[in-house]
Structures are given as structure tokens and as C-alpha cells.
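# Secondary and tertiary structure notes
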Amino acid sequence: MTACMARSEAAVSPDDRRFLARFERCTLPESEWTHLAHIRVAWACLQLSDPADSIARIRRGILAYNTAVLGRPEMYHETVTVAYSMLVANRIRDGESWADFASRIDDLLDKRSPILLRYYSSDRLFSPEARERFVEPVLEALPASRRAGED
């Protein structure tokens, strides 16, 4: 299986699917829409389809959620969404559960040291251009998606 194909639909549990459905139906409470929830959405989408389709699904979902639940579609940030999706895609191991994945991604979750600043200058990442469209990093290239099963 290549990185262009779904990783492992079997890894996505019924609970993960319910979580994703609540997010996509905009019934997930705002209090549950945390950074960890964003990562879980990306993980589930990347398990269910190829990266390009997953990113499109994540984008649509966040825009819909921000509009319907938060009333603030302008909060969406394209570069942050795509870059985190790429980081998540690079970390997925074939057949790994959400709990196992979440247990080993502390650096993706550390708000005190945002991982994206390893790849982007603050000026570039927080620019209006980066909010509207994906911009390439300037400090270090984002990692490519791994092939399923690679460690």
C-alpha cells in the first residue's frame, strides 16, 4: 500500500467513527473541540482515505464547524490545517489505534512549544497569506507521508 491510499480503515474504531460523525454533523460540543480533537479528526480522515481527499475533508469539516458551532469561519487557517495533517500522516503506523497513536505524539500536542515553528517563522505562519492558502515552510521541509507500515 502506498501513502496515496487509505492507511487502515480497520484501525478506525466505531467510537472513532462516531467522534468523526459528530464533528462533521457539527454536533460535537465546543468544549470538546480541542487541539487533540483536531489531531484525532486528521488521524481518522487519513486512515479512511488518501491524503489529498483527507485534507479536503478536514478543511470542509473545520470550516463547517467553525461556522455552525463557533460562528467564526474566519478562524480557519489553511497552512496550520495542511501542515498538521502532513505531520499526522507522517506519524501514522499501519493498523495503529487512535489511543496508541495519541500516546506517542506529545510533540504534536505541546502548546508551549508549537511544532510548526520548527518549520515556519512566526511571520510566515501567522501571515494573512498563510491563513488563506497553504504556504511552504521556510525553516525546514515538512516530512513526507510514510508508506503504510513504516516506522
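The notes below deal with the structure included here. (Residues numbered from 1 in each chain as written. Predicted model: local features only at pLDDT ≥ 70, side-chain atom pairs only at ≥ 80, totals over all residues. Heavy atoms only, no water.)

The set of residues buried in helix α1 (residues 14-24) consists of Asp16, Phe19, Leu20 and Phe23. Taken down its axis, α1 places every buried residue within 95° of arc, on the same side. Along its buried surface, α1 packs onto α2 (35-48), α3 (51-68) and α5 (98-102). (Buried < 20%, exposed > 50% of the residue type's maximum accessible area, 1.4 Å probe, protein only. Helix = DSSP H or I, 4+ residues; strand = E, 2+ residues; numbered from the N terminus. Arc of directions from axis to C-beta. Contact = heavy atoms within 4.5 Å.)

Close approach of charged atoms allows side chains of opposite charge to pair. This structure, assessed with the given rule, holds 11 salt bridges. Taking the shortest distance from any N to any O, the salt bridge between Arg59 and Glu78 comes out at 2.5 Å. Pair noted here: Arg59 is in helix α3 and Glu78 is in helix α4 (residues 78-91), with a separation of 19 residues, a long-range link. The exposure class of Arg59 is partly exposed, given its relative accessible area of 26%. (Salt bridge = Lys/Arg side-chain N within 4 Å of Asp/Glu carboxyl O.)

Counting across every chain of the model gives zero disulfides. Summary of cysteine pairing: Cys26 is not part of a disulfide, and the nearest cysteine sulfur, belonging to Cys45, is at 13 Å. On the basis of relative accessible area, Cys45 is assigned to the buried category, the value being 1%. (Disulfide = S-S within 2.5 Å.)

What follows deals with α3. The terminal C-alpha atoms of α3, which comprises 18 residues, lie 25 Å apart, in line with the 26 Å expected from a rise of 1.5 Å per residue. Residues Ser54, Ile55, Ile58, Gly61, Ile62, Tyr65 and Asn66 constitute the buried set of α3. On an axial view of α3, the arc spanned by its buried residues comes to 130°, and they lie on one face. Exposed and facing more than 90 degrees away from the buried side of α3 are Ala52, Arg60 and Ala68. Its side-chain oxygen placed 3.0 Å from the backbone nitrogen of Ala52, Asp50 serves as the N-cap of α3. (Expected span 1.5 Å × (residues − 1). Polar contact = N/O pair within 3.5 Å; in protein donor to acceptor, adjacent residues only side chain to side chain.)

What follows concerns the nonpolar core. A general trend in soluble globular proteins is that nonpolar side chains are found buried together. Among the nonpolar cores identified, the biggest contains 42 residues, and Trp43, Val88 and Tyr120 are the most heavily contacted of them. Those elements that provide at least two residues to this core are α1, α2, α3, α4 and α5. Here this core takes nine residues from α2, the largest share from any one element. When sequence neighbours within four positions are dropped, the list of residues in contact with Trp43 reads Ala11, Val12, Asp16, Val88, Ile92, Glu96, Ser97, Trp98 and Phe101. (Core = buried A, V, L, I, M, F, W, Y, C linked by side-chain atoms within 4.5 Å.)

We now examine the environment of Gly95. Inspection of the secondary structure puts Gly95 in the loop between α4 and α5. Considering only alpha carbons, one finds Gly95 and Glu9, 86 residues apart in sequence, at a separation of 8.1 Å. Beyond its immediate chain neighbours, meaning those up to four positions away, Gly95 contacts Ser8 and Ala11.

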